[in-house]
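This is what each chain is made of:
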Amino acid sequence: MKIFRFIILFVCWFASISKTWATHLQAGQITLTRLDPISLTYRITLIVYRDKVNFFGSGATAELSENATIVIYGASNQVVSRLENVPLVNLDTSDPNVDVGRYETTYTFPGQGAFKVAFSESYRNACVVNMLSPDQTDLYVETQIIINQFLGVNNSPVLLARPVDYAGLGQKFLHNPGAYDPDGDSLAFKLVTPQSGLNTNVRGYRELTNFLGPAEAGGPGSFGISATQGTVTWDTPNTIGCFNIAIRVEEWRRTPNGTYIFLGYVVRDMQIIVRNSNNRRPIVNVPNNICIAANENLTASITASDPDGHCMRYEFTGQMFDASAPNPKPVITFSGGNYTNQCLVTPATLTFNWNPSCAYIRERPYQVIVKVTDNPPPTLQPALVDIKVWEITVVGPKPQNLSANVDNINDFINLTWSPYVCASQAQEIIIWRREGCPTNNPAVCDVGAPDGQGYYEIGRVPATATSFTDRTARIGVVYSYRISAIFPRPKGGESYASDEVCTSLAVDVPIFTKVDVTETSATTGKVRVEFAQPFQFPNGTPPAPFGYKVYRGEGIRPASGVTYAEVFSILNVNPADTALIRFTDDNLNTRDKQYHYRIAFFANATSEANKVFRDSSDAASTVRLDIQFVSSCLRLLWKYDVPWGNNRRFNHDIFRAEGSPSGFVDIGDYFPTFQDSGIFDDSNVLLQSNYFYYTTTRGWYFNDAISNYYQQLIIPFVNKSQINSGTPRDVIKPCPPILSIAEIDCNNFRQTPPFFNRLTWVNDNSGNPAPAFCGNIGDGCEFEPNNIAFFKIYYKPNLKAPYTEIAQVAGNIFTFDHTNLPSLAGCYAVSAVDKAGNEGEKSNEVCVDNCVTFYLPNAFTPNGDLINDVFKPYENDAYSVAFVEKVEFEVYNRWGKRVFFRDNDIRINWAGNTTFAGDSDSGGNLPAGLYYYVARVRFIRLNPDEAEQVYKGWVQIFR
């Protein structure tokens, strides 16, 4: 009775490592949908596909389980929760070849962080050609979701197309997963190795590049995936059978500053079934990618043809076709009626009709995945397909009826417009302005302010607003205004800009035409000032004569606490006199200070006693030039605040002299991209040499009324900065290099000890290891590839170890081989040290882990013939125990009694003997029969917490 009880306990123990066997599993994926914006509750949906006809085989297949187990992993792959008995909520048996099971449950995550949601089930179908023992290999899929309250709600990508597809031998194969992100995040697609468990690739996997025939168009074949559209292309298959690949669909969210943040992924394990075929695939043509404004009609033709004359069926997938998508959805018509999946005679043209609502506006385009499948006779099966992806970007419609009204009493310009048609979806209305009219209308897909026309933002109002007051308009400048709408993230999106409206404030006060530094000195500096009289008086002309007083203040513009000094005065000026009024303000500290000026305007200015203050002008400043020290160059920055526009219509010039402030030479120009500043990098300099600079700016009011009235005006206005000097020196640390490490393909790993890791890096964010430009300052560092003295290489053998410096390489070398390693596992970082000795921050960390393989046989023959005499792990080209540190191996007989133990040999080398007295037939040998083993294997791993794995199984001894 005791023996019987022990057998039951042992069978239960051994069964605990097994799962419910479904078998013949083909594909699967997991998606997560956030159910509430406040709580962290998600609906978890697992979809599994089963081969119910036993492709290329015979015999019955097991049904899908009624329940599934889903495991939630947190940081360092620690189990957070194990969801048992997730129910099968729907079983689709409509396909004669494939059953589709959908399992669903809800789960509330414990907090913020990165979580993996994983499923594993035994076994795959036996027809898979590109992995070892598929019918003894689990199907494993996982999805990562990153929950971050600062980034908003996050849902995983949705994949609409079925992951079981068919290919013809020697025919180009195409598949698109039909993926979209419900939050409007960007998707990136990549191929990864299918897995059988957490961090465990399937055994002996071979990429489909190993199964290539000649390309359909001639030349060598190819296999790959579009990183942005997700279309898998296999051109062409050369082997009949089942093939599994895994597609990782990553989601990235664009932040307001334009960077992208990783938010997780879905791994889809899919199967491609290749059959012999004399069929040729159809060809479909889609329109060019397009932008359309919401509430506008889009009508386009999509044509397909089949070279064999077979009829064809169209299939359209994409977010706008999904049941959860807003209305109206696209309508596909054929010969005037709705297309209903009928097989169409070749060639066939369908019409795509869509009038997207405001709910469809977003930054990223929508993908319309058009799949055309032919319908050959049975003798030419399988049916073949062509897939094309058509991208449609839905932008906001332009706001309507923008108008401008001038308030010359308060010097305001009031803008009004009609209520925005998409205000319920939009976030804000942006008001744009530029100097000068007219401008060109925006191009197609050019949303927001029209590109390249000099518009800049002057304000924002809620999307429901219908007016804005511009209180910063300068007198005399003709402005062009436009408005556009923006939409909230994560979807984002913008509208087209409105039609422009042009206007200006009346010139009813004097206007500056020059504020020019003519001498640079700490004590005898000079500024030349010129201005013109007012000549437009919509509210009535003031009594003549006119008078003016000019005041000077320090700084770039008026501010509280500024003390003003009167520097010029004139009375009894005839209003009809069109001569410019000029004077020089001298004995200034133009070397160290910036100045601005304002003009007080007086009517009835026959004398000081009789003059009446009327108004004051806008302020105008001198141009102030500053110099920054940047490795290999000097960076010139100049600022100004003037009432006219120094915009991109006119260039600014940069002048330089070496050694002394004389003999200046024009060394370059700058076309302004900012309203009140300029920038220029002088890279043609020598360290420790002294250089002198000044800049000239050019601008104008862009007002024909002024130039017509003052015909002697020289346009554009030219104004010089003070002279400044600088000596190049290096005080800024170099930016971290961008580091990468040679990836290890564990499926084709062939290195033998001692091992090595190869590092490569680049110096600049464009990926060019030696760009020829002046240091680019950013984040407190600069990209200076021509100024690097050497690189430091840092290494740590695992995630918990500290970094140590292991090498230095010259600044013109961008690779390093870390050799004579007992293990590949480790992490690396690189820093740059420039010629001045400044060491930058460490680069991004790159890590590599060992290829962990440990496979045990299920039978051996310890009979002394030197063939298969000992039980040990497989070791060949694909498998190795090179990274096994220790093995504790024990064997139990069928009654659950331990009969063998060894912990001092990583290869085990068990000869079928016992290490315990009384358990052998003779000479310590165990009798033939079935035994059960437990192997506790400690690997050399990057993460020490994942170093130990336990292997349980059975082995048959034959004698």
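Residues numbered from 1 in each chain as written. Predicted model: local features only at pLDDT ≥ 70, side-chain atom pairs only at ≥ 80, totals over all residues. Heavy atoms only, no water.

In the nomenclature of an unreviewed UniProt entry, the protein is known as C-terminal domain of CHU protein family of Raineya orbicola.

(A) Structural detail: the overall build of the protein. If you tally the helices and strands in the protein, you get 2 helices and 64 strands. Its C-alpha radius of gyration of 38 Å places the protein more than 25% over the 30 Å reference for a compact globule of 959 residues. Dimensions of the protein along its principal axes, counting C-alpha atoms only, are 135 × 75 × 55 Å. Burial statistics for the protein: of 959 residues in total, 52% are counted as buried. Considering only contacts in the protein between residues 6 or more positions apart, those separated by 24 or more positions represent 69%. Here the protein has roughly 41,300 Å² of accessible surface; of this, 49% comes from carbon and sulfur atoms. (Helix = DSSP H or I, 4+ residues; strand = E, 2+ residues; numbered from the N terminus. Rg over C-alpha atoms; globule rule 2.2 N^0.38 Å. Buried < 20%, exposed > 50% of the residue type's maximum accessible area, 1.4 Å probe, protein only. Contact = heavy atoms within 4.5 Å. Areas by Shrake-Rupley, 256 points an atom, 1.4 Å probe, with all protein chains shown as cover.)

(B) Region of interest: the environment of Val567. Among the structural elements, Val567 can be located in strand S38 (residues 565–573). Considering only alpha carbons, one finds Val567 and Lys549, 18 residues apart in sequence, at a separation of 7.7 Å. When residues no more than four places from it in sequence are discounted, the contact partners of Val567 are Val550, Arg552, Phe583, Asp585 and Tyr597.

(C) Looking closely at the nonpolar core. Ranked by internal contacts, the top residues of the largest apolar core, which has 103 residues, are Tyr314 and Phe512. Membership of the second largest hydrophobic core comes to 33 residues, among which are Ala27, Val164, Phe211 and Cys242. (Core = buried A, V, L, I, M, F, W, Y, C linked by side-chain atoms within 4.5 Å.)

(D) Up close: the pattern of salt bridges. Overall, the coordinates contain 50 salt bridges when judged by the stated rule. In this structure, the salt-bridge partner of Asp516 is Lys720, at a minimum N-O distance of 2.9 Å. One end of the pair, Asp516, is in strand S35 (residues 511–519); the other, Lys720, is in strand S49 (residues 717–720), with 204 residues separating them in the sequence. Exposure remark for Lys720: the relative accessible area of 25% places this residue in the partly exposed category. Across the salt bridge formed by Arg582 and Glu530, the nearest N and O atoms sit 3.0 Å from each other. Pair noted here: Arg582 is in strand S39 (residues 581–588) and Glu530 is in strand S36 (residues 525–532), with a separation of 52 residues, a long-range link. What emerges from the salt-bridge pattern is a single network uniting Arg50, Lys52, Glu63 and Asp99. (Salt bridge = Lys/Arg side-chain N within 4 Å of Asp/Glu carboxyl O.)

(E) Structural detail: the side chain of Glu435. Along the chain, Glu435 turns up in strand S30 (residues 428–435). As a buried residue without a salt bridge, Glu435 has its nearest oppositely charged side chain in Arg433, at a separation of 5.1 Å. A polar atom in the side chain of Glu435 sits 2.7 Å from the side chain of Tyr456. Those residues in contact with Glu435 that sit more than four places away from it in its chain are Tyr456, Val477, Val478, Tyr479, Gly645, Asn647, Arg649, Gln675 and Phe702. (Lys, Arg positive; Asp, Glu negative; His and termini not counted. Polar contact = N/O pair within 3.5 Å; in protein donor to acceptor, adjacent residues only side chain to side chain.)

(F) Highlighting the packing of aromatic side chains. For the structure on display, the rule yields 52 aromatic pairs. An angle of 50 degrees between the planes, with centres 5.3 Å apart, marks the rings of Phe860 and Trp910 as tilted. Within this pair, whereas Phe860 is found in strand S60 (residues 859–860), its partner Trp910 is found in the loop between strand S62 (898–902) and strand S63 (929–939), the two being separated by 50 residues in sequence. Of the two residues, Phe860 and Trp910, both sit in the buried class. Each member of the aromatic cluster is reached from another via a ring pair, and the members are Phe531, Phe537, Phe546, Tyr548, Phe568, Phe583 and Phe601. Taking the ring centre of Tyr366 as reference, the NZ or CZ of Arg362 above it sits at 3.8 Å. Above the face of the Phe412 ring, Arg471 is positioned so that its terminal group lies 4.6 Å from the ring centre. (Phe/Tyr/Trp six-rings, centres within 6.5 Å; stacked < 30°, edge-to-face > 60°. Lys NZ or Arg CZ within 6 Å of the ring centre and 35° of its normal.)

(G) Just the side chain of Thr143, in detail. Inspection of the secondary structure puts Thr143 in strand S7 (residues 139–147). Within the local environment of Thr143, its side chain forms a polar contact with the backbone oxygen of Ile30, the two atoms lying 2.5 Å apart. For Thr143, the contacting residues outside a window of four places in its chain are Ile30, Thr31, Leu32, Phe115, Lys116, Val117, Ser156, Tyr265, Val266 and Val267.

(H) Region of interest: the state of the cysteines. This structure, assessed with the given rule, holds 6 disulfides. Sulfur-sulfur distance for the disulfide between Cys358 and Cys422 comes to 1.9 Å. Sign of the S-S torsion, about -65 degrees for the bond between Cys358 and Cys422, identifies this disulfide as left-handed. Of this pair, Cys358 sits in the loop between strand S25 (348–354) and strand S26 (366–374) while Cys422 sits in the loop between strand S29 (412–416) and S30, placing them 64 residues apart in sequence. Of the two residues, Cys358 and Cys422, neither departs from the other in class, the shared state being buried. Each sulfur in the disulfide pair Cys437 and Cys502 lies 1.7 Å from the other. Taking the sign of the S-S torsion, about -95 degrees here, the bridge from Cys437 to Cys502 comes out left-handed. Here Cys437, found in the loop between S30 and strand S31 (456–462), pairs with Cys502, found in strand S34 (residues 501–504); they are 65 residues apart in sequence, far enough to count as distant. Given the relative accessible area of 25%, Cys437 is considered partly exposed. (Disulfide = S-S within 2.5 Å.)

(I) Quick peek at the sheet that holds S63. Read across the sheet, 5 strands follow the order S60-S64-S63-S61-S62 without closing on themselves; strand pairing throughout is mixed. Here the strands that pair on one side only, and so sit at the sheet edges, are S60 and S62. Sheet topology note: the strand S61 (residues 884–892)/S63 ladder contains 8 bridges and is antiparallel. The residue bridging Phe889 from the neighbouring strand is Ala935, located in S63. (Pairing = 2+ DSSP bridges.)

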